[in-house]
Amino acid sequence: GENVEQHPSTLSVQEGDSAVIKCTYSDSASNYFPWYKQELGKRPQLIIDIRSNVGEKKDQRIAVTLNKTAKHFSLHITETQPEDSAVYFCAASIGGDMRFGAGTRLTVKP
Amino acid sequence: GAVVSQHPSRVICKSGTSVKIECRSLDFQATTMFWYRQFPKKSLMLMATSNEGSKATYEQGVEKDKFLINHASLTLSTLTVTSAHPEDSSFYICSIQLGPYEQYFGPGTRLTVT
């Protein structure tokens, strides 16, 4: 089955800096790659996603890139703010079968 | 997005008892719902796929007789943890799928078994 690896597990940046989180997946049939932000005790919130026919997608300060050949995708957050602090999960999906990475705890220091 | 609710949000039960968790899709009909569990500081692990009107599909290692799933309508799926034990204490989250891709999560249910 699909295996998703996510790095780093923790990331600390200064406010205003950029943050990059990387994920790799194993199943080349995966065709949907969402990123979720989860605050403590809350539900995961979809922040951005990308489908396998697209290489890059941007939404304001957040961007995601996908390299299908290498089977990796990344989340880029620019101009980070303290409210960006949370745990971020990547996922890879085939149909509805979604597998999550282990998560990255992002801390943005003011 | 979709609005998904779960009830209860928190539950404490004694070892050996059963607990039912409800997942409702409030604004979309959901043929398929998913149940995940999440241990503290860990990732979401898919437990089972709940299909309206048919049996759930369980992931490897998930005991179907312990985690009973019923998807009786297009807006409601229930997860019953039977004969709960302390190791079943976890955060249980459901989700619904809209179209072929996006999943939207419920707020989760924190189960504590004493």
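Residues numbered from 1 in each chain as written. Chains lettered and ligands numbered in written order. Predicted model: local features only at pLDDT ≥ 70, side-chain atom pairs only at ≥ 80, totals over all residues. Heavy atoms only, no water.

Draft legend 1. Layout of the nonpolar core. Counting residues in each nonpolar core, the largest one holds 25 residues, and the members touching the most others are Trp35(B), Phe67(B), Leu79(B), Tyr92(B), Ile96(B) and Leu111(B). Among the elements of the structure, strand 2 (10–13), strand 3 (19–25), strand 4 (32–38), strand 5 (44–51), strand 7 (67–73), strand 8 (76–81), strand 9 (90–97) and strand 11 (109–113) of chain B are those that each provide at least two residues to this core. With residues up to four places along the chain from it excluded, the contact list for Tyr92(B) reads Gln6(B), Ile21(B), Tyr36(B), Arg37(B), Met47(B), Phe67(B), Leu79(B), Gly108(B), Thr109(B) and Leu111(B). Trp35(A), Val64(A), Tyr88(A) and Val108(A) belong to the second-largest nonpolar core, a separate cluster that totals 23 residues. (Core = buried A, V, L, I, M, F, W, Y, C linked by side-chain atoms within 4.5 Å. Buried < 20%, exposed > 50% of the residue type's maximum accessible area, 1.4 Å probe, protein only. Helix = DSSP H or I, 4+ residues; strand = E, 2+ residues; numbered from the N terminus. Contact = heavy atoms within 4.5 Å.)

Draft legend 2. Seen up close, the state of the cysteines. Inspection of the entire model under this criterion finds two disulfides over all chains. Two residues share a disulfide in this structure: Cys23(A) and Cys90(A), whose sulfurs sit 1.9 Å from each other. With the S-S dihedral at roughly -100°, the linkage between Cys23(A) and Cys90(A) falls on the left-handed side. Of the two residues, Cys23(A) is situated in strand 3 (residues 19–25) and Cys90(A) in strand 9 (residues 86–94); the sequence distance between them amounts to 67 residues. Comparing Cys23(A) with Cys90(A), the two get one shared label, buried. Between the sulfur atoms of Cys23(B) and its disulfide partner Cys94(B) the distance amounts to 2.0 Å. Negative torsions about the S-S bond denote left-handed disulfides, and the value of about 80° found for Cys23(B) with Cys94(B) makes this one right-handed. Of this pair, Cys23(B) sits in strand 3 while Cys94(B) sits in strand 9; the two residues are 71 residues apart in sequence, bridging distant segments of the chain. Summarising the burial analysis for this pair, Cys23(B) and Cys94(B) share the class buried. No disulfide involves Cys13(B); its sulfur sits 18 Å from that of Cys94(B), the nearest cysteine. (Disulfide = S-S within 2.5 Å.)

Draft legend 3. Representation of the interface of chain B and chain A within the structure. The interface is formed by 22 residues belonging to chain B together with 21 residues belonging to chain A. Both faces combined, the contact of chain B with chain A buries some 1700 Å², and carbon together with sulfur accounts for 53% of it. Our count for the contact surface shared by chain B and chain A stands at two salt bridges. Where Glu59(B) meets Arg99(A), a salt bridge forms, and the shortest distance between an N and an O atom there is 2.6 Å. Summed over the shared surface of chain B and chain A, the result is seven residue pairs in polar contact (both at pLDDT 80 or more). Of all the elements in the fold, those that place two or more residues in the side of chain B that touches chain A are strand 4, strand 5, strand 9 and strand 10 (103–105) of chain B. Per-class residue counts for the side of chain B that touches chain A are 12 nonpolar, five polar and five charged. (Buried area = accessible area lost by both parts, 1.4 Å probe. Salt bridge = Lys/Arg side-chain N within 4 Å of Asp/Glu carboxyl O. Polar contact = N/O pair within 3.5 Å; in protein donor to acceptor, adjacent residues only side chain to side chain. Nonpolar A, V, L, I, M, F, W, Y, C, P; charged D, E, K, R; others polar.)

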